[in-house]
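The residues making up each chain are set out below.
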Amino acid sequence: MSGNHSETPARRTKGQVHVGCASGFWGDSQIAIPQLLTAEKLDYIVFDYLAETTMSILQRARMRNPELGYATDFVNVLRPHLKTLLERGVRLVSNAGGLNPQACRDAILAFAREQGLAPRIAVVTGDDVAELQAEFTDAQGRGLPDLDGFGPLLSANAYLGAYPIVQALALDADIVITGRAVDSACALAVAIHEFDWAFTDYDKLAQASLAGHLIECGPQATGGLFTDWETVPDWANIGYPIVALDPDGGFDLTKPPGTGGLVSRATVAEQLLYEIGDPAAYELPDVVCDLRQVSIRETGPDRVRVEGARGRAPSTRYKITATGHGGYQIGIMMAIRGQRASAKALRTADELLRRTRKLLVLNGLPDYVSTVVELLGAEAMYGGNARENDSREVILRIAAAHAERKGLEFLQKESASAGTSMGPGTRSHFGGRADIQAIIKTGSFYIAKQCVPVWLDCGDLHAEVAVPENGEDGAYVPADARQIPAPAAASAGTQRVPLARLAYARSGDKGDDSNIGVIARSEAYWPVLLRELTAERVREYFSHLVQGEVSRFELPGTGAVNFVLRRALGGGGSSSLRSDPLGKSYAQMLLDLEIPCPGEILR
């Protein structure tokens, strides 16, 4: 079709549908759309921008300029390709609207008019529930009159589901822009629209939601962040994922031809476990997914078949991500080299914090809310698991939080003095003088769906969207469940080996919680993981970082276990002072854990 929507061809409603993903986060590469356009078959492209941390970034942007608050990347990456996308009839679905979907739409229409194009754009709103604070509840459904001390809200957005997007696609929108929606809803909406599924086709909804979950982070499903990174070719041209959806819910996952990266059972399995909790109850607005029996089979070069997700009715509530002002923070880094560099760095941090605490008292200000000292290059994140390392070069990182901006100005200025008054070999202000930033903290709440009107704007239409009213239908047991093998007993010929020899792993975050998915490299290693890799052992390994409990869940269909580490990220996201506030390194750290394994099964 041309740039004028009036020439839109008839939409296909049956057969396999091909959906590519061109963005996994705000700031992702610009190489995806040109790659995806080389695919032989491509019907839709979805774009995911809204991690929980991104919501706080968008709120900061909107505080500076009320016309912002959306993912400007979406506008920038579309600009050179919009004409081609419209001519090929490739439809786009994205949550790039963030906190300001209408402004995102207007920015696209502005450059489209300059190019002589007239895309039909639909906007889904209603996720902004900041005015409905009285209706918020906790996870148990209890009311929260004071939001448990969360404080004044800056924003609060419900995770909407797929059905508003389905309605937008039914109106022949070329581009659908939403605010906060669950990441997988974009792909699920495509499947519901194309295959005319009912809202009670829960197994199909679960499968398409899984497809959306696998591609929502872009190349994380095609070799990005893979444990065996050495085996992944051509990072510079890593392929972005494409799913080929079938009317019965099954799907294949692949990537554009001639691109780098790797699609295999292991790369896709790592993404399956990324940022999930209990795999038997992966709760989404449209369906509760049971992922325990999912199978991933390699069916060709860079192609896998994914089946086995089951579903049941969703709850009658939406999850909410709220943001609020949480004071101020600063992160200072300085390079320290020479003999006993680590000891010098620790003393430098201690002396600077001691000096600035005196200045706080002299100026009538309270102490820091919290501080973190890390030695990058000396395995600071590993705690007691760190190897002996008398490095002669480290990066000292001092992070601090204070209720007032002025309370951090002393540390900001005094850190420069370390270059002349403290240890030799010190370069203060490594990377330039650090900025003081507002802390935008995040919190999670819930709200009944019936309290949240959802609206759709497309052309002259402005209408409320009817979201299916359904609720949980009780416990769910998947049919033909594969039996979990009994943990094997340790044999006399056991060897202690790093977990990396037996498994792949990937970690992620949800607020202040982290998850680590661990996948057995072969079926023979699966019983060993069950026996040796217990929740208690993982909790002990991360005891210097984890303040809450650790739970373990099994996925026998994939030969995997998933650990959820509560209160493990120092507040998580922009609220955390740690250098890894998202727990991305946790899986890599766990892979060094040595566990006993029967020698006869080692390969």
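Residues numbered from 1 in each chain as written. Predicted model: local features only at pLDDT ≥ 70, side-chain atom pairs only at ≥ 80, totals over all residues. Heavy atoms only, no water.

Visitor: Got a sec to walk through the overall build of the chain? Specific residues and values, please.
Guide: Counting secondary structure elements, the chain contains 16 helices and 26 strands. Relative to the globule expectation of 25 Å for 603 residues, the C-alpha radius of gyration of the chain, 25 Å, shows essentially globular dimensions. Judged by the C-alpha coordinates and their principal axes, the chain covers about 75 × 65 × 50 Å. Going through the 603 residues of the chain one by one, you find that 57% of them count as buried. The contacts of the chain with a sequence gap of at least 6 include a subset with a gap of at least 24, amounting to 76%. Element-wise, carbon and sulfur atoms account for 49% of the exposed surface of the chain, whose accessible area totals about 24400 Å². Where the 60 positive side-chain charges of the chain centre and where its 73 negative ones centre are 6 Å apart. (Helix = DSSP H or I, 4+ residues; strand = E, 2+ residues; numbered from the N terminus. Rg over C-alpha atoms; globule rule 2.2 N^0.38 Å. Buried < 20%, exposed > 50% of the residue type's maximum accessible area, 1.4 Å probe, protein only. Contact = heavy atoms within 4.5 Å. Areas by Shrake-Rupley, 256 points an atom, 1.4 Å probe, with all protein chains shown as cover. Lys, Arg positive; Asp, Glu negative; His and termini not counted. Charge placed at Lys NZ, Arg CZ, Asp CG, Glu CD.)

Visitor: Break down the pattern of salt bridges for me, citing the residues and quoting the values.
Guide: Tallied over the full model, the rule gives 28 salt bridges. Ionic pairing is found between arginine 355 and glutamate 414, a salt bridge with its closest N-O pair at 3.0 Å. Here glutamate 414 lies in helix H11 (residues 406–414) and arginine 355 lies in helix H10 (residues 341–362), a separation of 59 residues in the sequence. Looking at arginine 355, the relative accessible area reads 30%, which means it is partly exposed. Of the charged contacts in the structure, one is a salt bridge between arginine 496 and glutamate 594, with a shortest N-O distance of 3.9 Å. (Salt bridge = Lys/Arg side-chain N within 4 Å of Asp/Glu carboxyl O.)

Visitor: Could you give an account of the environment of isoleucine 601, with specific residues and numbers?
Guide: For isoleucine 601, the location among the structural elements is in the segment after strand E26 (594–598). Separated by 79 residues in the primary sequence, isoleucine 601 and serine 522 have C-alpha atoms spaced 9.8 Å apart. The residues touching isoleucine 601, leaving out its near neighbours within four places in the chain, are Ala524, Tyr525 and Val528.

Visitor: Give me the packing of aromatic side chains: which residues, what numbers.
Guide: This structure, assessed with the given rule, holds ten aromatic pairs. Ring geometry for phenylalanine 226 and tyrosine 504: centres 5.5 Å apart, planes at 25 degrees, overall stacked. Taken together, the residues span a long stretch of sequence, with phenylalanine 226 in the loop between helix H8 (202–215) and strand E7 (242–245) and tyrosine 504 in strand E22 (residues 503–510) at a distance of 278 residues. Of the residues examined, phenylalanine 226 reaches a relative accessible area of 5% and is grouped as buried. Three or more aromatic residues link up through ring pairs in this structure, and these residues are Phe47, Tyr49 and Phe74. The ring of tyrosine 318 carries lysine 449 above its face, with NZ or CZ at 5.7 Å from the centroid. Of note, arginine 521 hangs over the ring of tyrosine 504, and the distance from its end group to the ring centre comes to 4.3 Å. (Phe/Tyr/Trp six-rings, centres within 6.5 Å; stacked < 30°, edge-to-face > 60°. Lys NZ or Arg CZ within 6 Å of the ring centre and 35° of its normal.)

Visitor: Could you give an account of the sheet that holds strand E13 (residues 310–312), with specific residues and numbers?
Guide: The strand order across the open sheet built from three strands is E9-E10-E13, with neighbouring strands paired in antiparallel fashion. A single partner strand is all that each edge strand has here, and the edge strands are strand E9 (282–283) and E13. In this sheet, E13 lies alongside strand E10 (residues 288–290) in antiparallel orientation, the contact comprising three bridges. Each residue of the ladder has a partner; that of cysteine 289, found in E13, is glycine 311. Sheet contacts for H8: E9, E10 and E13; angle to E13, the most-contacted strand, approximately 115 degrees. (Pairing = 2+ DSSP bridges. Axes fitted to C-alpha atoms, helices over the stretch in contact; angles between N-to-C directions.)

Visitor: Could you give an account of the environment of aspartate 234, with specific residues and numbers?
Guide: Of note, aspartate 234 is situated in the loop between H8 and E7. Sequence-distant contacts of aspartate 234, that is, excluding residues within four places in its chain, are made with Gly260 and Gly261.

Visitor: I'd like a description of the sheet that holds strand E24 (residues 550–555), backed by residues and values.
Guide: A sheet is described by the order of its strands in space; here four strands give the open sequence E22-E23-E25-E24, paired in antiparallel fashion. Edge positions in the sheet fall to E22 and E24, since each of these pairs with one other strand and no more. When strand polarity is set aside, the average angle formed by the axes of neighbouring strands in this sheet is 20 degrees. Against the sheet, helix H9 (residues 265–272) touches E22, strand E23 (513–520) and E24, its axis set at about 30 degrees to E22.

Visitor: Summarise unusual backbone geometry; cite the residues concerned and give the values.
Guide: For aspartate 196, which is not glycine, the phi dihedral falls at a positive 55 degrees. Given the relative accessible area of 66%, aspartate 196 is considered exposed. Look at arginine 567: it is not a glycine, yet its phi comes out positive at around 50 degrees. We classify arginine 567 as partly exposed; its relative accessible area is 44%.

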